[in-house]
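Below, each chain spelled out in residue letters.
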Amino acid sequence: NAGVTQTPKFQVLKTGQSMTLQCAQDMNHEYMSWYRQDPGMGLRLIHYSVGAGITDQGEVPNGYNVSRSTTEDFPLRLLSAAPSQTSVYFCASSYTSSGSDEQFFGPGTRLTVL
Amino acid sequence: DAKTTQPTSMDCAEGRAANLPCNHSTISGNEYVYWYRQIHSQGPQYIIHGLKNNETNEMASLIITEDRKSSTLILPHATLRDTAVYYCIVRAAYGNKLVFGAGTILRVKS
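Cut-offs and rules
Residues numbered from 1 in each chain as written. Chains lettered and ligands numbered in written order. Predicted model: local features only at pLDDT ≥ 70, side-chain atom pairs only at ≥ 80, totals over all residues. Heavy atoms only, no water. Disulfide = S-S within 2.5 Å. Helix = DSSP H or I, 4+ residues; strand = E, 2+ residues; numbered from the N terminus. Buried < 20%, exposed > 50% of the residue type's maximum accessible area, 1.4 Å probe, protein only. Pairing = 2+ DSSP bridges. Axes fitted to C-alpha atoms, helices over the stretch in contact; angles between N-to-C directions. Contact = heavy atoms within 4.5 Å. Buried area = accessible area lost by both parts, 1.4 Å probe. Salt bridge = Lys/Arg side-chain N within 4 Å of Asp/Glu carboxyl O. Polar contact = N/O pair within 3.5 Å; in protein donor to acceptor, adjacent residues only side chain to side chain.

Asks: I'd like to hear about the state of the cysteines, residue by residue, with values.
Replies: Under the counting rule described, the total for this entry stands at two disulfides over all chains. A disulfide bridge connects A:Cys23 with A:Cys91, and the sulfur atoms are separated by 1.8 Å. The chirality of the disulfide connecting A:Cys23 with A:Cys91 is left-handed, given an S-S dihedral of about -70°. Linking A:Cys23 in strand 3 (residues 19–25) with A:Cys91 in strand 9 (residues 87–94), this pair joins segments that are 68 residues apart in sequence. A single burial state applies to A:Cys23 and to A:Cys91, both of which are buried. Across a sulfur-sulfur distance of 2.1 Å, B:Cys22 and B:Cys88 are joined as a disulfide pair. For the disulfide bridge between B:Cys22 and B:Cys88, the dihedral angle about the S-S bond is near -80°, and by the sign convention the bridge is left-handed.

Below you can see the structure in the form of structure tokens.
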């Protein structure tokens with residue numbers, strides 16, 4: 001298994017540009033989520049999905065959209081990038097929503113918005 | 001979700017056991033204690049988790065006090081590659097949300 005994969009690894013955008021961060025998992029996990037990590041801080045939840053076709057907001061959802069058309073993929077869209085969205089973005093997945101199921105994280109996408 | 005308190009940083013000699021404490025005095029009965037670590041800004045890596053009983057896997061041991069208000073992560077033989085930020089997280093029984101605090105910076109020194 002490849003686990004959780006994310007593309008691209010690095011991205012530089014100009015203010016106002018849009019882009020999609022890709023996340024995929026091959027473990028048949030129902031739950032997927034997106035976090036962002038700002039320098040020197042812990043991770044904060046952006047959006048999550050409990051299964052295909054179902055998404056919900058996390059702690060910091062403004063400026064981001066998500067969709068879940070398949071079990072495997074959970075893309076994160078930035079509609080109009082802002083410098084405040086400069087961060088490292090991590091995707092994670094777990095088999096179920098149970099507190100007993102560990103989440104597995106991808107390697108991250110490092111985004112800079114100029 | 002219950003909050004956790006961890007020391008800001010700790011040092012450990014290579015080959016010795018690293019004991020990382022965590023206080024979670026407001027934990028409720030159905031909340032799990034999770035430990036993750038993050039090396040060089042890579043994606044967080046799952047280490048271990050437990051509910052009430054002590055747990056051990058190939059990476060570490062988790063000791064949870066009887067009142068569940070605190071726990072200790074034990075890396076039995078720390079190596080230089082264990083240098084990382086270690087996060088203690090209390091997670092609800094349902095829902096996939098992980099609330100990350102500042103964590104403990106563990107420095108393993110030769």
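Asks: Could you give me a rundown of the environment of B:Ser41, with the residues and numbers involved?
Replies: Tracing the sequence through the fold places B:Ser41 in the loop between strand 3 (32–38) and strand 4 (45–50). Expressed as a C-alpha distance, the spacing of B:Ser41 and B:Ala84, which sit 43 residues apart in the sequence, is 9.0 Å.

Asks: I'd like a description of the sheet that holds strand 6 (residues 61–64) of chain B, backed by residues and values.
Replies: Picture the strands of a sheet paired through backbone hydrogen bonds; they go either parallel or antiparallel. Residue and element names in this part refer to chain B. Pairing within the open sheet is antiparallel, and its four strands lie in the order 2-7-6-5. Bordering the open sheet on either side are strand 2 (18–23) and strand 5 (55–56), each of which pairs with just one other strand. Note: strand 2 against strand 7 (residues 70–75), six bridges, orientation antiparallel. Residue Pro21 lies in a different strand from strand 7, and its bridge partner there is Thr72.

Asks: Would you mind going over the sheet that holds strand 1 (residues 4–7) of chain A in detail, with residue names and values included?
Replies: Residues and elements named next belong to chain A. If you trace the four strands from one edge of the open sheet to the other, you get 1-3-8-7, paired in antiparallel fashion. Two strands bound the open sheet, and with one partner strand each, they are strand 1 and strand 7 (64–66). For this sheet the average axis-to-axis angle between neighbouring strands, irrespective of direction, equals 20°. With four bridges joining them, strand 1 and strand 3 adopt antiparallel strand pairing. Within strand 3, the residue paired with Gln6 across the bridge is Cys23.

Asks: Can you break down the interface of chain A and chain B residue by residue, with the values?
Replies: Opposite the 24 residues of chain A that make contact, chain B presents 22 residues. Carbon and sulfur atoms make up 50% of the area that chain A and chain B hide from each other, which totals about 1,600 Å². Remark: the boundary between chain A and chain B carries zero salt bridges. There are eight residue pairs in polar contact (both at pLDDT 80 or more) connecting chain A and chain B. Looking at the side of chain A that touches chain B, the elements that each hand over two or more residues are strand 4 (31–37), strand 5 (43–51) and strand 9 of chain A. Ranked by the residues each element gives to the side of chain A that touches chain B, the list is headed by strand 4 of chain A, at five residues.

Asks: Explain the pattern of salt bridges to me, using residue names and the numbers behind them.
Replies: Residues and elements named next belong to chain B. Considering all chains together, one arrives at five salt bridges over all chains under this definition. A salt bridge links Asp11 to Lys109; the shortest N-O distance between them is 3.3 Å. With Asp11 in strand 1 (residues 9–13) and Lys109 in strand 9 (residues 104–109), this residue pair connects regions lying 98 residues apart in the sequence. By relative accessible area, Asp11 is classed as partly exposed at 47%.

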